[in-house]
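Fold and contact review
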Amino acid sequence: MKRSETGAGGPSGTDGRTERGRQTREKIAEAVLSLLDEGQALFPADKVAERAGVSRRLVFHHFADMAELAEVAVNRRMAQLLAQVRPIPVDAPLAERIAAVAEQRARILEGVTPARLAVLRLENPTAPVVEGVRQMLELARRRLTEIFAAELDPLPEAARTDLLNGLDAVTTWSAWHHWRTSGLTPDQARHTMAVTVHALLASADATPRG
């Protein structure tokens, strides 16, 4: 009699082990995300294992080291936050565009703070983590050129670059973290961002065209 294809060692047995491994890996990654959400930026293997409900041995069975685990968790959180980005109508009145940018960036930057702090505290962040941060920054800058094209495009090249650099600086995480660690609430930091963006764009009206 032939061994059943669903017997031990058959495809379904392999598939079952693969699925259990995937579920365990998910549990471990989610454990790190929950620690991130609690403001922790270091992930001792014992604490991760306890949070995931698995053994310490299983943590290192699924991840080569804690740097790889941090990479998976940080990239997952960044992807979750990027999924929250919504289009902002580029033809809306300026005040509406500024308010929309400030609201969306405040929400996302507040959410990404634990992951960004974790990256900063990694002794040797892996290349994918560094690349993920770079891509987020590039996307954020590119979106500004689209949202404020009506104000940026008529400017001379040098003035346009200066204004874009300023807008980029006050709408990314470094400025947000500065405001939050200086004691501003999320609403206050969002308001400060909006006021600063408005001031920068208003200054462009005084720039000679040509």
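What you see is a predicted model, and the numbers here were worked out from it, not measured in a lab.

1. A few points about the overall build of the protein
- Across its full length, the protein holds ten helices and zero strands.
- Walking the protein from its N terminus toward its C terminus, one meets helices and strands in the order α-α-α-α-α-α-α-α-α-α.
- Within the span of the protein, comprising 210 residues, buried residues form 39% of the whole.
- The contacts of the protein with a sequence gap of at least 6 include a subset with a gap of at least 24, amounting to 63%.
- Per element, the accessible surface of the protein, about 11800 Å² overall, is 56% carbon and sulfur.

2. What about the packing of helix 5 (residues 94-121) against helix 10 (residues 186-204)?
- Running from amino to carboxyl end, helix 5 crosses helix 10 at an angle of 140 degrees, the nearest separation of the two axes being 9 Å. One element, helix 5, and the other, helix 10, form an angle in the oblique class. In terms of crossing hand, the pair formed by helix 5 and helix 10 is right-handed. Only Pro 186, Arg 190, Met 193, Ala 194, Val 197, His 198 and Leu 201 of helix 10 make contact with helix 5, whose side of the interface consists of Leu 94, Ile 98, Ala 102, Glu 103, Arg 105, Ala 106, Leu 109 and Glu 110.

3. Here's the deal with the side chain of Arg 116
- Tracing the chain through its elements places Arg 116 in helix 5.
- Despite being buried, Arg 116 has no salt bridge partner; Asp 168 is the closest side chain of opposite charge, sitting 10 Å away.

4. Observations concerning empty space enclosed by the protein
- The tally for this structure, following the rule as stated, stands at one cavity of 30 Å³ or more.
- Roughly 330 Å³ of internal volume is contained in the largest cavity.
- If you trace the largest cavity, you find 21 residues lining it, with Arg 105, Ile 108, Leu 109, Met 136 and Ala 140 closest to the centre.
- Counting residues per element, the ones that place at least two in the lining of the largest cavity are helix 4 (66-82), helix 5 and helix 6 (127-147).
- A class-by-class count of the residues in the lining of the largest cavity yields 15 nonpolar, three polar and three charged.

5. Remarks on the nonpolar core
- Core analysis: the largest hydrophobic core is formed by 56 residues, its most contacted members being Ile 28, Phe 43, Val 48, Phe 148, Leu 167 and Val 197.
- Contributions of two or more residues to this core are made by helix 1 (11-37), helix 2 (45-52), helix 4, helix 5, helix 6, helix 8 (157-170), helix 9 (173-181) and helix 10.
- If you tally residues by element for this core, the top one is helix 5, at eleven residues.
- Apart from residues lying up to four places away in sequence, Val 197 is in contact with Ile 98, Phe 148, Leu 167, Val 170 and Thr 171.

6. Let's talk about the pattern of salt bridges
- All chains considered together, the criterion is met by nine salt bridges.
- Across the salt bridge formed by Glu 138 and Arg 134, the nearest N and O atoms sit 2.3 Å from each other. With Glu 138 and Arg 134 both in helix 6, this residue pair falls four residues apart, about one helical turn.
- We note a salt bridge from Glu 146 to Arg 143, for which the minimum N-O separation is 2.4 Å. With Glu 146 and Arg 143 both in helix 6 and three residues apart, this pair spans about one turn of that helix.
- Looking at Glu 146, the relative accessible area reads 36%, which means it is partly exposed.

7. What about helix 10?
- The terminal C-alpha atoms of helix 10, which comprises 19 residues, lie 28 Å apart, in line with the 27 Å expected from a rise of 1.5 Å per residue.
- Regarding helix 10, the residues found buried are Ala 189, Met 193, Ala 194, Val 197, Leu 201 and Ala 204. Buried residues in helix 10, looked at end-on, bunch into an arc of 140 degrees, giving them a common side.
- Buried-residue contacts for helix 10 involve helix 5, helix 7 (149-152), helix 8 and helix 9.

8. Section: the packing of helix 8 against helix 10
- In contact at an axis separation of 10 Å, helix 8 and helix 10 are set at 175 degrees when each is read in the N-to-C sense. Relative to helix 10, the element helix 8 lies roughly antiparallel. Of helix 10, the residues touching helix 8 (which contributes Leu 163, Gly 166, Leu 167 and Val 170) are Met 193, Thr 196, Val 197, Leu 200, Leu 201 and Ala 204.
- Taken together, the residues of the contact of helix 8 with helix 10 sort by class into eight nonpolar, two polar and no charged.

Procedures and definitions
- All chains use their own residue numbering, which begins from 1 and follows the written sequence.
- This being a predicted model, a pLDDT of at least 70 is required before a residue's local features are given, and a value of 80 or more before pairs of side-chain atoms are given or counted; all residues contribute to the totals for chains, interfaces and linings.
- Think of the side-chain values as coming from all heavy atoms in the structure, minus any hydrogens and water.
- Put simply, DSSP H or I for four residues or longer makes a helix, DSSP E for two residues or longer makes a strand, and each gets a number counted from the N terminus.
- Exposure categories follow from relative accessible area, calculated using a 1.4 Å probe and restricted to protein chains: below 20% of the type maximum is buried, above 50% is exposed, and the middle band is partly exposed.
- Pairs of residues are marked as contacts when any of their non-hydrogen atoms sit within 4.5 Å.
- To measure how exposed things are, a 1.4 Å probe is used in the Shrake-Rupley method; for residues, cover is taken only from the protein chains shown.
- Helix axes use the C-alpha atoms of the stretch in contact, all axes being lines fitted to C-alpha atoms, and the angles between their N-to-C directions lie in the range 0 to 180 degrees.
- The scheme is simple: roughly parallel for angles under 35 degrees, roughly antiparallel for over 145, roughly perpendicular for 65 to 115, oblique for anything else.
- Should the near helix be turned counterclockwise from the far one by less than a right angle, the crossing is left-handed, whereas a clockwise turn marks it as right-handed.
- Counting rule for charge: Lys and Arg are taken as positive, Asp and Glu as negative, and neither His nor the chain ends is counted.
- Whenever a carboxyl oxygen of Asp or Glu lies within 4 Å of a side-chain nitrogen of Lys or Arg, that contact is scored as a salt bridge.
- Two kinds of site are reported from a 1 Å grid over the protein atoms alone, namely cavities, where a 1.4 Å probe fits but cannot get out, and pockets, open sets with protein on both sides within 12 Å along at least five of seven lines, and residues are called lining when an atom falls within 4 Å of a point.
- Grid points are joined across faces, edges and corners, and a volume is the space filled by probe spheres set on the points.
- Basically, the charged four are Asp, Glu, Lys and Arg, the nonpolar ten are Ala, Val, Leu, Ile, Met, Phe, Trp, Tyr, Cys and Pro, and anything else, Gly included, counts as polar.
- Take the buried Ala, Val, Leu, Ile, Met, Phe, Trp, Tyr and Cys residues and link them wherever side-chain atoms come within 4.5 Å; each set so joined is a nonpolar core.
- For a helix, the expected span equals 1.5 Å multiplied by the number of residues minus one.
- Arc definition: it is the arc formed by the directions from the helix axis to the C-beta atoms.

Taken by themselves, the reported measurements are silent on function.
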